[in-house]
Amino acid sequence: MEELGIVDDQLVKEFDKLPADFWDFKNEDTKELTHSIHNYPAVMVYPISRNIISIVKKYQNIESLLDPFMGSGTVLLEGILANIEKVYGNDLNPLAHRISKAKTTLIGDEIVQYRDKLVFDLEKEYEKYDKILNMVTGYVDEAGYDITAKVLDKGNWGENAPGILNEYLVKMNCEIKIPNIKNLGFWFVPKCILELQIIKSIIAEIDNDDIKDYFMLCFSETTRLASNRRNGEFKMYRMTPEKVKKYNPNVKKIFLQILDANVEKMNSFRNRVGYKNNSIVSLSLDDATKLVSIPENSIDLVITSPPYGDSRTTVAYGQFSRVSLQWCDYEKLSYKEIIDIDKKLMGGTSYKKGFSYDLPSEVLKKALDEILEDDNNLERAGDVYSFYRDLSQVLDTVTKKCRKNSYQFWVVGNRTVKHVKLPTDEILVELGKTKGLKHITTLGRTISNKVMPSENSPTNEAGKKVKTMNKELIVIFRKET
Ligand SMILES: C[S@@+](CC[C@H](N)C(=O)[O-])C[C@H]1O[C@@H](n2cnc3c(N)ncnc32)[C@H](O)[C@@H]1O
(Lines give C-alpha, C1' and ligand atoms only; values in the text may rest on other atoms or scores of the structure.)
Protein backbone atom coordinates (compact mmCIF):
# COMPACT_ATOMS: atom_id res chain seq x y z
CA MET A 1 0.00 0.00 0.00
CA GLU A 2 1.29 3.43 -0.95
CA GLU A 3 2.48 5.65 1.94
CA LEU A 4 0.36 8.67 2.83
CA GLY A 5 2.10 11.96 2.05
CA ILE A 6 2.48 14.87 4.49
CA VAL A 7 0.09 17.58 3.31
CA ASP A 8 -0.20 19.84 6.39
CA ASP A 9 0.51 23.07 4.49
CA GLN A 10 -1.93 22.30 1.68
CA LEU A 11 -4.70 21.54 4.18
CA VAL A 12 -4.06 24.64 6.27
CA LYS A 13 -4.08 26.77 3.09
CA GLU A 14 -7.42 25.23 2.08
CA PHE A 15 -8.91 25.91 5.50
CA ASP A 16 -7.56 29.47 5.55
CA LYS A 17 -9.30 30.21 2.25
CA LEU A 18 -12.73 29.41 3.70
CA PRO A 19 -15.01 32.13 5.08
CA ALA A 20 -15.09 32.44 8.89
CA ASP A 21 -18.59 30.95 9.16
CA PHE A 22 -17.93 28.14 6.66
CA TRP A 23 -18.26 25.33 9.23
CA ASP A 24 -21.50 26.65 10.77
CA PHE A 25 -23.88 25.32 8.07
CA LYS A 26 -26.72 27.45 9.39
CA ASN A 27 -29.13 27.16 6.50
CA GLU A 28 -28.22 23.80 5.12
CA ASP A 29 -30.77 20.97 4.74
CA THR A 30 -29.10 18.45 7.04
CA LYS A 31 -31.68 15.72 6.55
CA GLU A 32 -31.05 14.45 3.02
CA LEU A 33 -30.81 10.76 2.03
CA THR A 34 -30.86 8.40 5.02
CA HIS A 35 -29.55 11.07 7.37
CA SER A 36 -32.15 11.63 10.11
CA ILE A 37 -34.07 8.36 9.69
CA HIS A 38 -34.17 8.34 13.50
CA ASN A 39 -33.63 10.99 16.11
CA TYR A 40 -30.39 10.88 18.05
CA PRO A 41 -28.86 13.35 20.48
CA ALA A 42 -25.98 15.62 19.41
CA VAL A 43 -25.88 14.56 15.77
CA MET A 44 -22.97 16.11 13.90
CA VAL A 45 -24.52 17.65 10.79
CA TYR A 46 -23.29 15.92 7.67
CA PRO A 47 -21.83 18.92 5.79
CA ILE A 48 -19.00 18.88 8.36
CA SER A 49 -17.79 15.39 7.45
CA ARG A 50 -18.67 15.82 3.77
CA ASN A 51 -16.41 18.85 3.48
CA ILE A 52 -13.60 17.36 5.55
CA ILE A 53 -13.58 14.25 3.36
CA SER A 54 -13.62 16.18 0.11
CA ILE A 55 -10.81 18.52 1.20
CA VAL A 56 -8.54 15.74 2.51
CA LYS A 57 -9.26 13.59 -0.57
CA LYS A 58 -7.76 16.27 -2.80
CA TYR A 59 -4.35 15.56 -1.28
CA GLN A 60 -4.44 12.00 0.04
CA ASN A 61 -5.80 8.74 -1.27
CA ILE A 62 -8.33 7.80 1.40
CA GLU A 63 -9.16 4.10 1.45
CA SER A 64 -10.41 3.77 5.01
CA LEU A 65 -12.39 5.95 7.38
CA LEU A 66 -13.16 5.53 11.09
CA ASP A 67 -15.62 7.13 13.48
CA PRO A 68 -15.08 5.60 16.96
CA PHE A 69 -18.18 7.45 18.31
CA MET A 70 -20.48 6.97 15.32
CA GLY A 71 -23.77 7.79 17.09
CA SER A 72 -26.38 7.83 14.33
CA GLY A 73 -23.76 7.11 11.65
CA THR A 74 -23.58 10.50 9.92
CA VAL A 75 -19.85 10.24 9.16
CA LEU A 76 -20.23 6.69 7.83
CA LEU A 77 -22.88 7.60 5.29
CA GLU A 78 -20.66 10.42 4.06
CA GLY A 79 -17.82 7.90 3.71
CA ILE A 80 -20.04 5.74 1.49
CA LEU A 81 -21.09 8.73 -0.62
CA ALA A 82 -17.41 9.58 -1.10
CA ASN A 83 -16.75 6.00 -2.30
CA ILE A 84 -14.30 5.23 0.49
CA GLU A 85 -13.47 1.54 0.29
CA LYS A 86 -13.58 0.64 3.99
CA VAL A 87 -15.80 2.47 6.41
CA TYR A 88 -15.53 1.63 10.12
CA GLY A 89 -17.98 2.79 12.77
CA ASN A 90 -18.18 2.08 16.46
CA ASP A 91 -20.44 2.97 19.38
CA LEU A 92 -21.22 1.38 22.73
CA ASN A 93 -24.89 2.27 22.50
CA PRO A 94 -26.85 -0.54 20.76
CA LEU A 95 -29.42 1.95 19.46
CA ALA A 96 -26.63 3.95 17.77
CA HIS A 97 -25.49 0.68 16.22
CA ARG A 98 -28.97 -0.08 14.84
CA ILE A 99 -29.46 3.42 13.45
CA SER A 100 -26.03 3.38 11.79
CA LYS A 101 -26.65 -0.04 10.32
CA ALA A 102 -30.03 0.94 8.90
CA LYS A 103 -28.66 4.21 7.58
CA THR A 104 -25.78 2.58 5.71
CA THR A 105 -27.42 -0.63 4.41
CA LEU A 106 -28.65 -0.14 0.88
CA ILE A 107 -32.08 -1.64 0.18
CA GLY A 108 -33.43 -2.24 -3.33
CA ASP A 109 -36.74 -0.93 -4.68
CA GLU A 110 -38.53 -3.98 -3.28
CA ILE A 111 -38.82 -1.82 -0.15
CA VAL A 112 -41.88 -0.21 -1.74
CA GLN A 113 -43.78 -3.52 -2.04
CA TYR A 114 -42.83 -4.40 1.54
CA ARG A 115 -44.10 -1.01 2.66
CA ASP A 116 -47.41 -1.54 0.83
CA LYS A 117 -47.88 -4.98 2.34
CA LEU A 118 -47.09 -3.66 5.81
CA VAL A 119 -49.67 -0.89 5.48
CA PHE A 120 -52.26 -3.36 4.16
CA ASP A 121 -51.63 -5.78 7.06
CA LEU A 122 -51.70 -2.95 9.55
CA GLU A 123 -55.11 -1.70 8.38
CA LYS A 124 -56.44 -5.26 8.59
CA GLU A 125 -55.17 -5.73 12.13
CA TYR A 126 -56.56 -2.38 13.26
CA GLU A 127 -59.96 -3.39 11.90
CA LYS A 128 -59.75 -6.79 13.57
CA TYR A 129 -58.84 -5.31 16.98
CA ASP A 130 -61.05 -2.24 16.74
CA LYS A 131 -63.25 -3.16 19.72
CA ILE A 132 -60.30 -4.22 21.87
CA LEU A 133 -58.52 -0.95 21.17
CA ASN A 134 -61.59 1.15 21.88
CA MET A 135 -62.43 -0.51 25.18
CA VAL A 136 -59.02 -0.75 26.79
CA THR A 137 -58.83 2.75 28.32
CA GLY A 138 -62.22 2.29 30.01
CA TYR A 139 -61.21 -1.18 31.26
CA VAL A 140 -58.04 0.07 32.95
CA ASP A 141 -59.89 3.03 34.43
CA GLU A 142 -62.79 0.98 35.74
CA ALA A 143 -60.39 -1.52 37.28
CA GLY A 144 -59.19 1.40 39.41
CA TYR A 145 -55.70 1.90 38.07
CA ASP A 146 -54.33 5.42 38.02
CA ILE A 147 -52.37 5.75 34.80
CA THR A 148 -50.96 9.09 35.95
CA ALA A 149 -49.53 7.97 39.30
CA LYS A 150 -46.20 9.63 39.79
CA VAL A 151 -44.55 7.04 41.94
CA LEU A 152 -44.08 3.55 40.59
CA ASP A 153 -46.10 2.01 43.43
CA LYS A 154 -46.29 -1.74 43.65
CA GLY A 155 -49.52 -2.95 42.10
CA ASN A 156 -49.94 0.26 40.17
CA TRP A 157 -50.30 0.76 36.44
CA GLY A 158 -46.74 2.10 36.03
CA GLU A 159 -45.18 -1.14 37.06
CA ASN A 160 -47.88 -3.65 36.16
CA ALA A 161 -49.17 -2.53 32.78
CA PRO A 162 -48.13 -5.74 30.93
CA GLY A 163 -49.90 -7.96 33.49
CA ILE A 164 -53.02 -5.79 33.57
CA LEU A 165 -53.25 -5.66 29.78
CA ASN A 166 -52.57 -9.37 29.32
CA GLU A 167 -55.41 -10.15 31.72
CA TYR A 168 -57.67 -7.86 29.69
CA LEU A 169 -56.60 -9.51 26.42
CA VAL A 170 -57.34 -12.99 27.76
CA LYS A 171 -60.78 -11.83 28.90
CA MET A 172 -61.37 -10.47 25.40
CA ASN A 173 -60.22 -13.77 23.83
CA CYS A 174 -57.45 -11.97 22.04
CA GLU A 175 -54.12 -13.57 21.13
CA ILE A 176 -52.00 -10.39 21.42
CA LYS A 177 -49.35 -10.64 24.16
CA ILE A 178 -47.79 -7.58 25.75
CA PRO A 179 -44.08 -8.06 26.49
CA ASN A 180 -42.94 -7.73 30.06
CA ILE A 181 -41.27 -4.35 29.78
CA LYS A 182 -40.21 -2.71 33.03
CA ASN A 183 -42.10 0.50 33.91
CA LEU A 184 -44.03 0.27 30.64
CA GLY A 185 -47.12 1.92 32.12
CA PHE A 186 -45.14 4.87 33.37
CA TRP A 187 -44.19 5.75 29.81
CA PHE A 188 -47.28 4.68 27.85
CA VAL A 189 -51.06 4.96 28.06
CA PRO A 190 -53.03 1.68 27.68
CA LYS A 191 -54.27 2.01 24.08
CA CYS A 192 -50.86 3.12 22.88
CA ILE A 193 -49.25 -0.05 24.28
CA LEU A 194 -51.71 -2.28 22.40
CA GLU A 195 -51.22 -0.39 19.16
CA LEU A 196 -47.45 -0.53 19.44
CA GLN A 197 -47.56 -4.28 20.02
CA ILE A 198 -49.80 -4.75 16.95
CA ILE A 199 -47.35 -2.81 14.76
CA LYS A 200 -44.31 -4.59 16.17
CA SER A 201 -45.84 -8.05 15.58
CA ILE A 202 -46.44 -7.31 11.91
CA ILE A 203 -42.88 -6.05 11.40
CA ALA A 204 -41.51 -9.15 13.18
CA GLU A 205 -43.07 -11.33 10.46
CA ILE A 206 -41.21 -9.68 7.56
CA ASP A 207 -39.07 -12.22 5.69
CA ASN A 208 -36.29 -9.86 4.57
CA ASP A 209 -33.86 -9.05 7.41
CA ASP A 210 -32.59 -5.70 6.10
CA ILE A 211 -36.11 -4.47 5.49
CA LYS A 212 -37.28 -5.81 8.84
CA ASP A 213 -34.44 -3.91 10.60
CA TYR A 214 -35.22 -0.76 8.64
CA PHE A 215 -38.91 -0.86 9.50
CA MET A 216 -38.16 -1.81 13.12
CA LEU A 217 -36.23 1.44 13.37
CA CYS A 218 -39.37 3.31 12.22
CA PHE A 219 -41.15 1.49 15.03
CA SER A 220 -38.41 2.47 17.48
CA GLU A 221 -38.87 6.14 16.61
CA THR A 222 -42.64 5.70 17.01
CA THR A 223 -42.25 4.33 20.54
CA ARG A 224 -40.36 7.47 21.52
CA LEU A 225 -42.76 9.89 19.87
CA ALA A 226 -45.90 8.17 21.17
CA SER A 227 -44.60 7.81 24.73
CA ASN A 228 -45.55 10.03 27.66
CA ARG A 229 -42.22 11.84 27.48
CA ARG A 230 -42.20 15.61 27.42
CA ASN A 231 -41.84 16.95 23.92
CA GLY A 232 -38.61 18.18 22.44
CA GLU A 233 -36.28 16.93 25.16
CA PHE A 234 -33.65 14.26 25.01
CA LYS A 235 -33.71 13.62 28.74
CA MET A 236 -36.63 11.38 29.67
CA TYR A 237 -39.09 13.46 31.64
CA ARG A 238 -42.72 12.43 31.77
CA MET A 239 -45.56 14.80 30.95
CA THR A 240 -47.58 16.23 33.82
CA PRO A 241 -50.30 13.88 35.21
CA GLU A 242 -52.98 16.17 33.72
CA LYS A 243 -51.46 15.74 30.28
CA VAL A 244 -51.01 11.98 30.66
CA LYS A 245 -54.70 11.66 31.57
CA LYS A 246 -55.77 13.34 28.32
CA TYR A 247 -53.02 11.93 26.15
CA ASN A 248 -54.29 9.98 23.16
CA PRO A 249 -51.50 9.75 20.57
CA ASN A 250 -52.42 8.72 17.04
CA VAL A 251 -49.91 5.87 17.00
CA LYS A 252 -50.79 4.54 13.56
CA LYS A 253 -50.47 7.98 12.00
CA ILE A 254 -47.13 8.64 13.70
CA PHE A 255 -45.79 5.28 12.50
CA LEU A 256 -47.03 5.65 8.93
CA GLN A 257 -45.56 9.13 8.62
CA ILE A 258 -42.15 7.90 9.77
CA LEU A 259 -42.41 4.82 7.57
CA ASP A 260 -43.22 6.79 4.42
CA ALA A 261 -40.57 9.42 5.06
CA ASN A 262 -37.96 6.71 5.62
CA VAL A 263 -38.95 4.68 2.53
CA GLU A 264 -38.53 7.90 0.56
CA LYS A 265 -35.13 8.43 2.18
CA MET A 266 -33.98 4.93 1.23
CA ASN A 267 -35.15 5.51 -2.34
CA SER A 268 -33.13 8.70 -2.59
CA PHE A 269 -30.05 7.02 -1.07
CA ARG A 270 -30.34 4.24 -3.69
CA ASN A 271 -30.77 6.75 -6.49
CA ARG A 272 -27.73 8.69 -5.30
CA VAL A 273 -25.30 5.77 -5.06
CA GLY A 274 -26.55 4.16 -8.26
CA TYR A 275 -27.94 0.93 -6.81
CA LYS A 276 -24.52 -0.16 -5.53
CA ASN A 277 -22.74 0.54 -2.28
CA ASN A 278 -19.02 0.46 -3.10
CA SER A 279 -17.93 0.65 0.51
CA ILE A 280 -17.46 -2.21 2.94
CA VAL A 281 -19.05 -0.97 6.14
CA SER A 282 -17.91 -2.59 9.42
CA LEU A 283 -19.73 -1.64 12.60
CA SER A 284 -18.77 -2.54 16.14
CA LEU A 285 -20.43 -2.20 19.54
CA ASP A 286 -17.18 -1.77 21.41
CA ASP A 287 -15.76 0.59 23.96
CA ALA A 288 -13.89 3.28 22.03
CA THR A 289 -10.98 2.82 24.43
CA LYS A 290 -10.53 -0.68 22.97
CA LEU A 291 -11.75 -1.02 19.34
CA VAL A 292 -10.61 -4.64 19.21
CA SER A 293 -12.09 -5.44 15.80
CA ILE A 294 -10.31 -2.63 13.96
CA PRO A 295 -6.89 -3.54 12.54
CA GLU A 296 -3.85 -1.57 13.76
CA ASN A 297 -2.15 0.85 11.36
CA SER A 298 -5.02 0.59 8.89
CA ILE A 299 -7.05 3.82 9.02
CA ASP A 300 -6.45 6.70 6.58
CA LEU A 301 -8.86 9.23 8.08
CA VAL A 302 -10.66 9.70 11.40
CA ILE A 303 -13.63 12.02 11.77
CA THR A 304 -15.44 11.97 15.07
CA SER A 305 -17.43 13.92 17.63
CA PRO A 306 -16.98 12.52 21.12
CA PRO A 307 -19.45 13.33 23.90
CA TYR A 308 -18.88 16.69 25.61
CA GLY A 309 -18.66 15.10 29.03
CA ASP A 310 -20.03 12.25 31.12
CA SER A 311 -23.60 11.09 30.50
CA ARG A 312 -24.76 12.07 33.97
CA THR A 313 -24.14 15.78 33.57
CA THR A 314 -24.22 16.23 29.78
CA VAL A 315 -26.12 14.12 27.23
CA ALA A 316 -27.53 10.82 28.54
CA TYR A 317 -27.36 8.74 25.34
CA GLY A 318 -28.38 5.57 27.19
CA GLN A 319 -31.38 7.22 28.79
CA PHE A 320 -32.48 8.60 25.42
CA SER A 321 -32.35 5.07 23.97
CA ARG A 322 -34.03 3.23 26.84
CA VAL A 323 -37.59 2.96 25.56
CA SER A 324 -36.44 1.86 22.09
CA LEU A 325 -34.05 -0.74 23.46
CA GLN A 326 -36.80 -2.18 25.65
CA TRP A 327 -39.51 -2.24 22.99
CA CYS A 328 -37.38 -3.47 20.11
CA ASP A 329 -35.53 -5.98 22.25
CA TYR A 330 -32.30 -4.91 20.60
CA GLU A 331 -29.41 -7.17 21.62
CA LYS A 332 -31.80 -8.85 24.11
CA LEU A 333 -30.50 -6.63 26.90
CA SER A 334 -31.83 -7.00 30.44
CA TYR A 335 -33.31 -3.91 32.08
CA LYS A 336 -30.19 -3.58 34.24
CA GLU A 337 -27.95 -3.71 31.17
CA ILE A 338 -30.03 -0.98 29.53
CA ILE A 339 -29.98 1.21 32.66
CA ASP A 340 -26.21 0.74 32.94
CA ILE A 341 -25.36 1.91 29.40
CA ASP A 342 -24.70 5.49 30.52
CA LYS A 343 -22.28 4.25 33.16
CA LYS A 344 -20.25 2.46 30.49
CA LEU A 345 -19.94 5.53 28.27
CA MET A 346 -17.11 8.07 28.56
CA GLY A 347 -16.67 9.37 32.09
CA GLY A 348 -18.93 6.71 33.56
CA THR A 349 -16.38 5.41 36.09
CA SER A 350 -16.88 7.11 39.42
CA TYR A 351 -13.93 8.75 41.22
CA LYS A 352 -15.89 10.45 43.95
CA LYS A 353 -13.53 9.12 46.61
CA GLY A 354 -10.59 10.75 44.84
CA PHE A 355 -8.03 10.08 42.12
CA SER A 356 -4.34 10.59 41.59
CA TYR A 357 -3.83 12.84 38.61
CA ASP A 358 -1.81 11.06 35.91
CA LEU A 359 -2.74 12.70 32.59
CA PRO A 360 -0.26 14.66 30.45
CA SER A 361 -2.26 17.89 30.32
CA GLU A 362 -1.33 20.99 32.34
CA VAL A 363 -4.51 22.75 31.19
CA LEU A 364 -6.68 19.99 32.61
CA LYS A 365 -4.64 19.84 35.82
CA LYS A 366 -5.18 23.57 36.40
CA ALA A 367 -8.92 23.27 35.76
CA LEU A 368 -9.23 20.31 38.13
CA ASP A 369 -7.30 22.17 40.83
CA GLU A 370 -9.76 25.05 40.51
CA ILE A 371 -12.75 22.71 40.81
CA LEU A 372 -11.10 21.03 43.80
CA GLU A 373 -10.42 24.34 45.57
CA ASP A 374 -13.92 24.12 46.95
CA ASP A 375 -13.83 21.23 49.46
CA ASN A 376 -17.14 19.75 48.35
CA ASN A 377 -16.21 19.36 44.75
CA LEU A 378 -14.39 16.04 44.85
CA GLU A 379 -17.27 14.32 43.12
CA ARG A 380 -17.47 16.80 40.23
CA ALA A 381 -13.68 16.84 39.85
CA GLY A 382 -13.81 13.04 39.79
CA ASP A 383 -16.39 13.10 36.99
CA VAL A 384 -14.27 15.48 34.97
CA TYR A 385 -11.10 13.47 35.52
CA SER A 386 -12.94 10.26 34.61
CA PHE A 387 -14.09 11.72 31.28
CA TYR A 388 -10.66 12.99 30.22
CA ARG A 389 -8.97 9.81 31.37
CA ASP A 390 -11.24 7.92 28.94
CA LEU A 391 -10.70 10.51 26.21
CA SER A 392 -6.93 10.10 26.57
CA GLN A 393 -7.27 6.33 26.22
CA VAL A 394 -9.52 6.65 23.17
CA LEU A 395 -7.00 8.98 21.54
CA ASP A 396 -4.29 6.44 22.23
CA THR A 397 -6.31 3.52 20.81
CA VAL A 398 -7.55 5.42 17.77
CA THR A 399 -4.01 6.57 16.95
CA LYS A 400 -2.76 2.98 17.05
CA LYS A 401 -5.41 2.09 14.46
CA CYS A 402 -4.23 4.86 12.13
CA ARG A 403 -1.60 4.80 9.42
CA LYS A 404 1.45 7.06 9.51
CA ASN A 405 0.63 10.56 8.18
CA SER A 406 -3.11 10.01 8.37
CA TYR A 407 -5.25 12.89 9.64
CA GLN A 408 -7.70 12.93 12.53
CA PHE A 409 -10.55 15.46 12.93
CA TRP A 410 -12.02 15.74 16.43
CA VAL A 411 -15.12 17.90 16.74
CA VAL A 412 -15.34 18.91 20.40
CA GLY A 413 -17.27 21.25 22.66
CA ASN A 414 -15.88 23.10 25.68
CA ARG A 415 -18.05 23.11 28.76
CA THR A 416 -18.04 24.69 32.18
CA VAL A 417 -18.14 22.77 35.44
CA LYS A 418 -18.52 24.68 38.72
CA HIS A 419 -17.81 27.90 36.82
CA VAL A 420 -14.49 26.47 35.65
CA LYS A 421 -13.94 26.35 31.88
CA LEU A 422 -12.77 23.05 30.44
CA PRO A 423 -11.06 23.76 27.11
CA THR A 424 -11.32 20.27 25.63
CA ASP A 425 -9.63 21.39 22.40
CA GLU A 426 -6.50 22.50 24.27
CA ILE A 427 -6.54 19.44 26.51
CA LEU A 428 -6.82 17.21 23.45
CA VAL A 429 -3.82 18.93 21.83
CA GLU A 430 -1.72 18.35 24.97
CA LEU A 431 -2.80 14.72 25.17
CA GLY A 432 -2.15 14.23 21.45
CA LYS A 433 1.46 15.40 21.75
CA THR A 434 2.27 12.42 23.98
CA LYS A 435 0.75 9.97 21.48
CA GLY A 436 2.76 10.83 18.39
CA LEU A 437 0.19 13.29 17.04
CA LYS A 438 1.12 16.61 15.47
CA HIS A 439 -1.46 19.34 16.00
CA ILE A 440 -2.09 20.88 12.57
CA THR A 441 -4.72 23.50 13.39
CA THR A 442 -8.03 24.03 15.19
CA LEU A 443 -11.08 25.39 13.36
CA GLY A 444 -14.08 27.01 15.03
CA ARG A 445 -17.78 26.69 14.33
CA THR A 446 -20.98 28.08 15.80
CA ILE A 447 -23.59 25.45 16.52
CA SER A 448 -26.87 26.21 14.93
CA ASN A 449 -28.56 22.96 14.03
CA LYS A 450 -27.17 20.55 16.61
CA VAL A 451 -29.97 19.55 18.94
CA MET A 452 -28.41 19.88 22.36
CA PRO A 453 -29.52 21.20 25.71
CA SER A 454 -28.59 24.86 25.20
CA GLU A 455 -28.37 25.36 28.93
CA ASN A 456 -27.07 23.13 31.66
CA SER A 457 -26.35 23.49 35.30
CA PRO A 458 -22.60 23.46 35.85
CA THR A 459 -23.19 23.86 39.55
CA ASN A 460 -25.72 21.02 39.47
CA GLU A 461 -28.07 23.17 41.52
CA ALA A 462 -31.68 23.29 40.45
CA GLY A 463 -32.68 26.59 38.93
CA LYS A 464 -29.13 27.81 38.32
CA LYS A 465 -28.55 27.72 34.61
CA VAL A 466 -25.74 29.12 32.56
CA LYS A 467 -25.71 29.41 28.78
CA THR A 468 -23.03 27.18 27.38
CA MET A 469 -21.69 25.27 24.37
CA ASN A 470 -22.73 27.24 21.34
CA LYS A 471 -19.25 26.93 19.87
CA GLU A 472 -17.54 23.80 18.69
CA LEU A 473 -13.94 23.30 17.71
CA ILE A 474 -12.47 20.99 15.12
CA VAL A 475 -9.05 19.83 16.29
CA ILE A 476 -6.91 18.43 13.48
CA PHE A 477 -3.99 16.05 14.03
CA ARG A 478 -1.59 14.11 11.85
CA LYS A 479 -0.07 10.87 13.07
CA GLU A 480 3.66 11.48 12.84
CA THR A 481 5.20 8.13 13.67
C1 LIG B 1 -21.76 13.19 20.08
S2 LIG B 1 -22.34 11.55 19.91
C3 LIG B 1 -21.87 11.16 18.27
C4 LIG B 1 -22.86 11.68 17.28
C5 LIG B 1 -22.55 11.31 15.84
N6 LIG B 1 -21.40 12.00 15.33
C7 LIG B 1 -23.77 11.58 14.96
O8 LIG B 1 -23.67 12.37 14.01
O9 LIG B 1 -24.83 11.03 15.25
C10 LIG B 1 -21.25 10.64 20.91
C11 LIG B 1 -21.44 9.11 20.90
O12 LIG B 1 -20.41 8.52 21.67
C13 LIG B 1 -20.90 7.30 22.20
N14 LIG B 1 -20.00 6.89 23.29
C15 LIG B 1 -19.79 7.50 24.48
N16 LIG B 1 -18.85 6.86 25.17
C17 LIG B 1 -18.44 5.81 24.42
C18 LIG B 1 -17.46 4.80 24.59
N19 LIG B 1 -16.71 4.72 25.70
N20 LIG B 1 -17.28 3.90 23.59
C21 LIG B 1 -18.03 3.97 22.46
N22 LIG B 1 -18.97 4.91 22.24
C23 LIG B 1 -19.18 5.82 23.21
C24 LIG B 1 -22.33 7.66 22.63
O25 LIG B 1 -23.13 6.50 22.72
C26 LIG B 1 -22.75 8.60 21.49
O27 LIG B 1 -23.45 7.89 20.51
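The structure contained in this document is the topic of the report that follows. Since the structure is predicted, the reported quantities are computational estimates derived from the model, not experimental observations.

Our next topic: unusual backbone geometry. Although it is not a glycine, Glu 331 sits at a positive phi angle of roughly 60°. Structurally, the position occupied by Glu 331 is in the loop between helix 13 (317-328) and helix 14 (335-339).

Another point: the pairing of strand 2 (residues 86-90). Buried residues dominate strand 2, accounting for 4 of its 5 residues. Pairing geometry for strand 1 (residues 64-67) and strand 2, over 4 bridges, is parallel. Paired with Asp 67 across the bridge in strand 2 is Gly 89. The β-α-β motif built from strand 1, the intervening helix 3 (residues 74-81) and the parallel element strand 2 has right-handed crossover chirality. Two elements, strand 2 and strand 3 (residues 280-284), share 5 bridges in a ladder whose sense is parallel. Bridge pairing in strand 3 links Tyr 88 to Ser 282.

With that out of the way, let us pick up the packing of aromatic side chains. For the structure shown, the criterion picks out 15 aromatic pairs. Ring centres of Phe 355 and Tyr 385 lie 4.3 Å apart, and the angle between their planes is 5°; this geometry places the pair in the stacked category. Placement of the pair is Phe 355 in the loop between helix 15 (341-344) and helix 16 (362-373) and Tyr 385 in helix 17 (residues 378-401), with a sequence separation of 30 residues. The exposure class of Tyr 385 is buried, given its relative accessible area of 2%. An aromatic cluster is built from Phe 15, Phe 22, Trp 23, Phe 25 and Phe 409, whose rings are joined through pairwise contacts. The residue whose ring lies beneath Arg 238 is Phe 186, and the NZ or CZ to ring-centre distance is 4.2 Å. When the ring centre of Tyr 126 is taken as reference, the NZ or CZ atom of Lys 252 above it lies at 4.7 Å.

Per the counting criterion, the structure on display carries 31 salt bridges. In this structure, Glu 296 engages Lys 401 in a salt bridge whose closest nitrogen and oxygen atoms are separated by 3.4 Å. Residue Glu 296 is located in the loop between strand 3 and strand 4 (299-304), and its partner Lys 401 is located in helix 17; the two are separated by 105 residues in the primary sequence. Salt bridges here are not isolated pairs; linked through shared partners, they connect Arg 98, Lys 101, Asp 210, Asp 213 and Glu 331.

Let us look at the site of the ligand. Residues in close proximity to the ligand total 22 residues, the closest being Tyr 40, Met 44, Ser 72, Thr 74 and Asp 91. In the environment of the ligand, an oxygen atom lies 2.7 Å from a nitrogen or oxygen atom belonging to the side chain of Ser 72. Ser 305 is positioned such that a nitrogen or oxygen atom in its side chain is 3.0 Å from a nitrogen atom of the ligand. For the ligand, whose free accessible area comes to 610 Å², the fraction covered by protein is 99%.

Here we have 7 strands laid out as an open sheet, ordered 3-2-1-4-5-11-8, and mixed in their pairing. Both edges of this open sheet fall to strand 3 and strand 8 (437-446), since each of them pairs with a single strand only. Direction aside, the axes of adjacent strands within the sheet are offset by 15° on average. Bridge count for strand 8 against strand 11 (residues 471-479) is 9 bridges, and the pairing is antiparallel. The residue of strand 11 that forms the bridge with Gly 444 is Leu 473. Docked against the sheet, helix 1 (residues 8-17) engages strand 5 (402-413), strand 8 and strand 11, running at close to 10° with respect to strand 8. This element, helix 3, spans strand 1, strand 2, strand 3 and strand 4 of the sheet and lies at about 175° to strand 2.

Cut-off values and rules
- Residues numbered from 1 in each chain as written.
- Predicted model: local features only at pLDDT ≥ 70, side-chain atom pairs only at ≥ 80, totals over all residues.
- Heavy atoms only, no water.
- Helix = DSSP H or I, 4+ residues; strand = E, 2+ residues; numbered from the N terminus.
- Buried < 20%, exposed > 50% of the residue type's maximum accessible area, 1.4 Å probe, protein only.
- Pairing = 2+ DSSP bridges.
- Right-handed = clockwise from strand over helix to strand, strands pointing away.
- Phe/Tyr/Trp six-rings, centres within 6.5 Å; stacked < 30°, edge-to-face > 60°.
- Lys NZ or Arg CZ within 6 Å of the ring centre and 35° of its normal.
- Salt bridge = Lys/Arg side-chain N within 4 Å of Asp/Glu carboxyl O.
- Near = heavy atom within 4 Å.
- Polar contact = N/O pair within 3.5 Å; in protein donor to acceptor, adjacent residues only side chain to side chain.
- Areas by Shrake-Rupley, 256 points an atom, 1.4 Å probe, with all protein chains shown as cover.
- Axes fitted to C-alpha atoms, helices over the stretch in contact; angles between N-to-C directions.
- Contact = heavy atoms within 4.5 Å.

Function-wise, these values are silent; they only describe arrangement.
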